[in-house]
Amino acid sequence: MAQVKAKAKNKIAAPMARIEREIPEDVLLSIQDLRVWFELRKLGFGNAGFVHAVDGVSFDLHNSEAIAVVGESGCGKSSLMKTILGLYRPTGGKVVFENKDISKFNTQTLKWYRSDVGYIQQDPYGAMAPFLNIEKIMEEPMVINTKKSHEERLDRIRKVFEEVKMMPYDDFLPKFPHMLSGGQQQRVVIARAMMLEPKLIVADEPVSMLDASVRVEILKLLRGLQEKHKMAVIYITHDLSTVRYFSRRIFVMYAGNIVEKAAVKDLLYNPSHPYTLALLAATSDPDAKNARTFKDVPPGEPPNLINPPTGCRFHPRCPKIIKGLCEVEIPPEFEIEKDHLVKCWLYK
Amino acid sequence: MKDETLISVEDLKLHFRVAKGVVRAVDGVNLKLGYNEAVVILGESGCGKTSLAKAILRLLPRNVQTYSGKVILKGVDVMQYSEEEFRENVRWIEMSLVPQAAMNSLNPVLKVGDQVTEPLLVHSGVKKEEAYAQAKKMFQHVGVPEDFLQRYAFELSGGMRQRAAIAMSLVTSPDLIVLDEPTSALDVLTQANIFNVLKRIKQELETSFILITHDISTSSELADKVGVMYAGQIVEWNDAEAFFRKPLHPYSQKLMASVPRLRADKEPDFIVGQPPSLLDPPKGCRFMERCPSAFDKCSQEPPTINKDGRLVKCWLYA
């Protein structure tokens with residue numbers, strides 16, 4: 001047993017080597033070689049390997065910048081998000097918020113951190129307690145984090161509701177979440193995330209549960225708020241078509257790695273990683289021509305993150321594989337043009 | 001064969017009894033579909049599109065208030081059939097359903113193969129070996145390895161389970177398959193894959209499809225015809241070609257404008273307001289309140305206007 005434990009420790013210790021680098025001044029959040037692994041148990045005790053959910057992710061998020069993380073389910077984007085929110089502890093690497101390493105936070109400092117970071121959940125109905133009315137739901141962040149009076153809290157709720165266009169605001173306060181439409185529920189969730197005037201908002205697929213006609217409205221609202229309050233936003237999604245209306249930079253994630261980082265225009269007009277190409281090809285625009293052609297989809301499925309493929313994680317599905325290189329060595333990030341980084345050997 | 005009508009639905013109504021009154025989920029729907037043709041029913045949540053699927057297949061809950069109209073399948077009005085006759089001769093024999101979230105509704109304690117062959121054993125009364133042979137054939141069509149028949153649902157990925165559900169709807173070789181949101185919970189690449197599978201089935205097995213979805217972009221992958229549903233009614237019935245170029249009904253136009261596009265620089269727009277409650281829908285046009293081109297005539301029920309074979313329920317075209 002002890003041996004197994006020691007082994008597990010060794011395995012965990014390997015990626016702990018940290019990249020210490022200078023953080024530029026206007027960077028709000030800096031992710032440095034972040035690894036989030038989940039241990040698998042054998043019969044409740046022994047170690048049966050790790051799920052490498054996030055494996056070596058680095059990026060800087062500047063003040064009042066909107067970025068999008070795009071990836072399929074199981075690529076680790078939710079684990080990345082939850083680590084940024086301080087819900088998971090990183091296995092290796094760092095999450096640095098305003099020059100403080102959040103993985104070293106205790107309960108008290110985490111509370112301070114969370115009042116600076118807003119979270120917009122995917123399923124608005126699931127994100128609100130069904131037995132609390134909207135007033136209680138909206139008040140909660142201020143009750144926990146501030147010492148303001150009830151009147152002051154109501155005042156803030158009014159301001160925020162005006163911004164998310166929930167008017168007249170006192171109509172909504174006594175209602176319960178199930179009495180609102182999907183779009184209104186999502187507005188309440190956005191409003192709640194705004195209550196404490198956060199510097200960073202993490203939005204996890206904020207529109208995927210909504211109807212087409214409301215989707216754009218919510219995205220525009222979110223972008224409006226971001227520009228007005230100069231918040232930084234991390235927008236997590238699987239839908240490339242909504243990204244271009246929202247963020248400046250896009251990160252494409254595959255199997256725990258960010259495989260391509262680029263400005264929106266560069267990514268859409270000059271996609272470079274084979275996975276990005278596949279994603280773009282698979283996304284449809286409404287066009288009757290689609291019905292007459294077959295889509296070019298890479299074979300297979302995203303890899304199991306317990307035993308990810310050696311080398312480049314996309315190599316078993318990649319149409320442009322370089323035999324003898326891609327399956328052996330992990331590709332580093334190549335800068336193919338300014339601020340356009342691709343983790344692929346094709347650009348060596 | 002090809003220009004004959006496979007199914008024609010006339011004035012189909014399905015109303016539910018609830019505590020607050022009567023919900024008119026499907027309120028006078030007409031549609032017509034030929035052999036080897038695919039129609040997409042587009043609509044937002046709560047417009048009654050899933051109820052329409054259930055009404056066509058007569059899979060009704062207990063609280064039905066009204067269920068009327070005609071469902072004419074290959075020239076026979078199957079609405080006249082008793083429940084027993086319908087089950088024996090129509091459901092899963094002539095038409096089958098891939099329900100919403102089908103991939104999550106597979107039984108976890110049965111092998112996939114046992115579930116996929118079940119419709120065949122129940123409806124066609126064939127032997128188990130034959131049923132398995134047929135299931136194998138269908139698995140080839142949908143691109144699932146044959147040995148997955150011996151596995152349990154949890155061993156398959158989401159895309160594979162969805163394909164298995166499609167294979168299950170195919171085993172009895174029906175002429176019509178109703179798909180309710182077949183790809184809404186799947187990833188982009190898997191979605192593209194499922195649509196490839198559906199297109200191939202349409203070519204190889206000459207099946208007809210009714211595809212029910214809210215996703216306009218992916219719906220164009222399969223559509224020959226498009227029906228737009230709003231508040232329990234079909235407001236536009238159009239060829240896919242014409243629809244995706246220029247829809248007729250103001251609601252369809254707004255809906256198309258709300259689609260975020262990957263390959264065009266057009267800023268998407270949204271529709272102000274909410275669909276009306278189906279408990280007490282407005283007397284006149286149901287889209288009137290949200291319509292940018294509404295005028296005084298709209299307070300009366302709009303007729304369905306035939307504009308060169310395209311149907312639109314709007315006063316603008318009268």
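All values reported here derive from a predicted model rather than from experimental measurement.

Each helix and strand counted, chain B has 9 helices and 12 strands in total. In terms of overall size, chain B behaves like a compact globule, its C-alpha atoms giving a radius of gyration of 20 Å where 318 residues would be expected to give roughly 20 Å. Considered along the principal axes of its C-alpha atoms, chain B spans approximately 65 × 50 × 45 Å. Within chain B, contacts between residues at least 6 apart in sequence are counted, and of these 66% link residues at least 24 apart.

Below, the discussion takes up the interface of chain A and chain B. Between chain A and chain B, the residue contacts involve 30 residues of the former and 38 residues of the latter. Sorting the residues of the side of chain A that touches chain B by element identifies α8 (212–229), α9 (240–243) and α11 (274–282) of chain A as the ones contributing at least two each. It is α8 of chain A that provides the largest number of residues to the side of chain A that touches chain B, a total of 5 residues. Its residues assigned to classes, the side of chain A that touches chain B comprises 14 nonpolar, 9 polar and 7 charged.

As a further point, take the domain arrangement of chain B. Residue and element names in this part refer to chain B. Each assigned domain of chain B is listed here: domain 1 (5–82 + 175–284) and domain 2 (102–173). A separation of 26 Å is found between the C-alpha centroids of domain 1 and domain 2. Across the contact, 11 residues belong to domain 1 and 10 residues belong to domain 2. Residue contributions to the side of domain 1 that touches domain 2 peak at 8 residues, all from helix α6 (residues 188–205). For the side of domain 1 that touches domain 2, the class distribution of residues is 7 nonpolar, 2 polar and 2 charged.

With that settled, consider the sheet that holds strand β5 (residues 100–101) of chain A. Residue and element names in this part refer to chain A. The strand order β2-β1-β4-β5 describes an open sheet built from 4 strands, whose pairing is antiparallel. The open sheet is flanked by β2 (46–62) and β5, the only strands paired with a single partner. Bridge count between strand β1 (residues 27–42) and β2: 12 bridges; the pairing is antiparallel. Considered in β2, the bridge of Ser-30 is made with Asp-60. The strands that helix α2 (residues 77–84) touches are β1, β2 and β4 (92–97); relative to β2, the one it contacts most, it runs at about 70 degrees.

Running from amino to carboxyl end, α11 of chain A crosses α6 of chain B at an angle of 50 degrees, the nearest separation of the two axes being 9 Å. Relative to α6 of chain B, the element α11 of chain A lies oblique. Between α11 of chain A and α6 of chain B the crossing geometry is left-handed. For the pair α11 of chain A and α6 of chain B, contact is made by Ala-278, Leu-279 and Ala-282 of chain A and by Val-188, Leu-189, Gln-191 and Ala-192 of chain B, respectively. Class assignment of the residues belonging to the contact of α11 of chain A with α6 of chain B gives a composition of 6 nonpolar, 1 polar and no charged.

Residue and element names in this part refer to chain B. Of all the 5 residues making up strand β3 (residues 38–42), 5 are buried; the element is thus mostly covered by neighbouring parts of the structure. The two faces of β3 match: Ala-38, Val-40 and Leu-42 on one face and Val-39 and Ile-41 on the other face are all buried. Note: β3 against strand β9 (residues 225–230), 4 bridges, orientation parallel. Bridge pairing links Val-40 to Val-226 in β9.

Moving on to the domain arrangement of chain A. Residues and elements named next belong to chain A. The domains assigned to chain A are domain 1 (1–104 + 250–284 + 294–348) and domain 2 (118–247). Centre-to-centre separation of domain 1 and domain 2, based on C-alpha positions: 29 Å. Across the contact, 25 residues belong to domain 1 and 21 residues belong to domain 2. Of all the secondary-structure elements, those providing two or more residues to the side of domain 1 that touches domain 2 are β1, β3 (66–70), α2, α10 (264–269) and α11. Among the elements that make up the side of domain 1 that touches domain 2, the one with the highest residue count is β3 (5 residues).

All names here are of chain A. Inspection of the secondary structure assignment puts Lys-111 in helix α3 (residues 107–116). Under the C-beta neighbour-count criterion, Lys-111 is labelled partly exposed, with 13 such atoms within 10 Å. As a C-alpha pair, Lys-111 and Asn-145 span 34 residues in sequence and 7.6 Å in three-dimensional space.

This part takes up α6 of chain B. With 18 residues, α6 of chain B should cover 26 Å at 1.5 Å per step; its first-to-last C-alpha distance of 25 Å lies within 8% of that length. Taken together, the buried positions of α6 of chain B are occupied by Val-188, Leu-189, Thr-190, Gln-191, Ala-192, Asn-193, Ile-194, Phe-195, Val-197, Leu-198, Lys-199 and Ile-201 of chain B. In this structure, the buried side of α6 of chain B is in contact with α11 of chain A together with α4 (128–142), α5 (158–170), β8 (208–213) and α7 (216–219) of chain B. Note on α6 of chain B: the residue one or two positions beyond its end, Glu-206 of chain B, has a positive phi of about 55 degrees.

Here is what the cut-offs are and how they apply
Residues numbered from 1 in each chain as written. Chains lettered and ligands numbered in written order. Predicted model: local features only at pLDDT ≥ 70, side-chain atom pairs only at ≥ 80, totals over all residues. Helix = DSSP H or I, 4+ residues; strand = E, 2+ residues; numbered from the N terminus. Rg over C-alpha atoms; globule rule 2.2 N^0.38 Å. Contact = placed C-beta atoms within 7 Å. Nonpolar A, V, L, I, M, F, W, Y, C, P; charged D, E, K, R; others polar. Domains from an automatic or database assignment. Pairing = 2+ DSSP bridges. Axes fitted to C-alpha atoms, helices over the stretch in contact; angles between N-to-C directions. Parallel < 35°, antiparallel > 145°, perpendicular 65-115°, else oblique. Left-handed = near helix turned anticlockwise from the far one by under 90°. Buried ≥ 20, exposed ≤ 12 C-beta atoms within 10 Å, placed from the backbone. Expected span 1.5 Å × (residues − 1).

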